[in-house]
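Each chain, letter by letter, is given below.
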Amino acid sequence: MGGGLDELRLDLDPQPGTDFEDAVRVAATARELLDDLGYVGFPKTSGGRGIHIYVRIEPKWTFTDVRHAAIAFGRELENRLPGQVTTKWWKEERGERIFVDYNQNARDRTIASAYSIRPKPGAPVSAPVTWDELGECQPE
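Notes on the structure in this doc start here.

The rules behind the values
- Residues numbered from 1 in each chain as written.
- Predicted model: local features only at pLDDT ≥ 70, side-chain atom pairs only at ≥ 80, totals over all residues.
- Heavy atoms only, no water.
- Core = buried A, V, L, I, M, F, W, Y, C linked by side-chain atoms within 4.5 Å.
- Buried < 20%, exposed > 50% of the residue type's maximum accessible area, 1.4 Å probe, protein only.
- Helix = DSSP H or I, 4+ residues; strand = E, 2+ residues; numbered from the N terminus.
- Salt bridge = Lys/Arg side-chain N within 4 Å of Asp/Glu carboxyl O.
- Pairing = 2+ DSSP bridges.
- Polar contact = N/O pair within 3.5 Å; in protein donor to acceptor, adjacent residues only side chain to side chain.
- Contact = heavy atoms within 4.5 Å.
- Lys, Arg positive; Asp, Glu negative; His and termini not counted.
- Expected span 1.5 Å × (residues − 1).

Before going further, it helps to spend a moment on the nonpolar core. Among the nonpolar cores identified, the biggest contains 31 residues, and Leu12, Ile51, Ile53, Leu77 and Leu134 are the most heavily contacted of them. Take this core: its biggest share by element is eight residues, from helix 1 (residues 20–37).

Here you go:
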């Protein structure tokens, strides 16, 4: 064994017409789904309007396997929150929903590391938070 990814990344990305509070609501359902599957997720603000959830996994899965798992996870969130979540790749098809960006689970993707300052007005920080803190924090 070995040689695979040891982390599944769930990127909850608000689309125009949605905001951080919408992402927080979707994150709560994502946490329930992770619980149902027997996994633990660790949330982090993105430094923008989104939320990242990191899930430790056995390092035996390929990038393709993990990407497919993220797509399946996003589709189950779509089922649980109809009209609030999307996995549509084309921006024109997403509507006012939270996009589960499964392509963050690809070989060429970088992530905003914990406590990194993002190059945006006000210098927001991507910060790990507890599940309880997630509903209380602001994306700034």
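Opposite charge on two side chains permits them to pair, given that their charged atoms come into close proximity. Tallying each qualifying case throughout the model produces seven salt bridges. One salt bridge connects Glu7 with Arg56, and the closest N-O pair in it is separated by 4.0 Å. Note that Glu7 is positioned in strand 1 (residues 5–14) and Arg56 in strand 3 (residues 51–61), a separation of 49 residues in sequence. On the accessibility criterion, Arg56 (47% relative accessible area) is partly exposed. Among the ionic contacts, a cluster of salt bridges with common partners joins Asp6, Glu7, Arg9 and Arg56.

This brings us to the pairing of strand 3. Direction of pairing for strand 1 relative to strand 3: antiparallel, over a ladder of seven bridges. Across the sheet, residue Leu10 finds its bridge partner in strand 3, namely Ile53. Hairpin connection, strand 2 (residues 41–45) to strand 3: the antiparallel pair is bridged by five residues, and Gly47 has positive phi, about 90°.

This part is about the side chain of Asn103. Inspection of the secondary structure assignment puts Asn103 in the loop between strand 5 (98–100) and strand 6 (116–117). On the basis of relative accessible area, Asn103 is assigned to the buried category, the value being 9%. Separated by 2.7 Å, the side chains of Asn103 and Arg67 make a polar contact. If we skip the residues at most four places from it in the chain, Asn103 touches Arg67, Trp89 and Arg109.

Moving on to the side chain of Asp11. Positionally, Asp11 belongs in strand 1. With no salt bridge to any partner, buried Asp11 finds its closest opposite charge in Arg118, at an N-O distance of 8.3 Å. Each residue touching Asp11, except ones within four places of it in the same chain, is listed here: Ile51, His52, Phe99, Val100, Asp101 and Gln104.

This paragraph deals with helix 1. The terminal C-alpha atoms of helix 1 lie 25 Å apart, and with 18 residues this matches the ideal 26 Å at 1.5 Å per residue to within 8%. Of all the residues in helix 1, the buried ones are Phe20, Asp22, Ala23, Val24, Val26, Ala27, Thr29, Ala30, Leu33 and Leu34. Its side-chain oxygen 3.2 Å from the backbone nitrogen of Glu21, Asp19 forms the N-cap of helix 1. Trailing helix 1 by a residue or two, Gly38 shows a phi angle of about 85°, which is positive.

Along the chain, the position of Tyr39 falls in the loop between helix 1 and strand 2. Since its relative accessible area comes to 39%, Tyr39 is described here as partly exposed. In this structure the C-alpha to C-alpha distance between Tyr39 and Arg56, which are 17 residues apart in sequence, comes to 7.9 Å. Not counting residues up to four positions away in its chain, the partners in contact with Tyr39 are Leu34, Val55, Arg56 and Ile57.

Our next topic: the environment of Val129. Position of Val129 relative to the elements: it lies in the loop between strand 7 (125–126) and helix 3 (131–134). On the accessibility criterion, Val129 (15% relative accessible area) is buried. For the pair Val129 and Lys44, spaced 85 residues apart in sequence, the C-alpha separation works out to 5.5 Å. If we ignore the near neighbours within four places in the chain, the residues touching Val129 are Pro43, Lys44, Thr45, Leu134 and Cys137.

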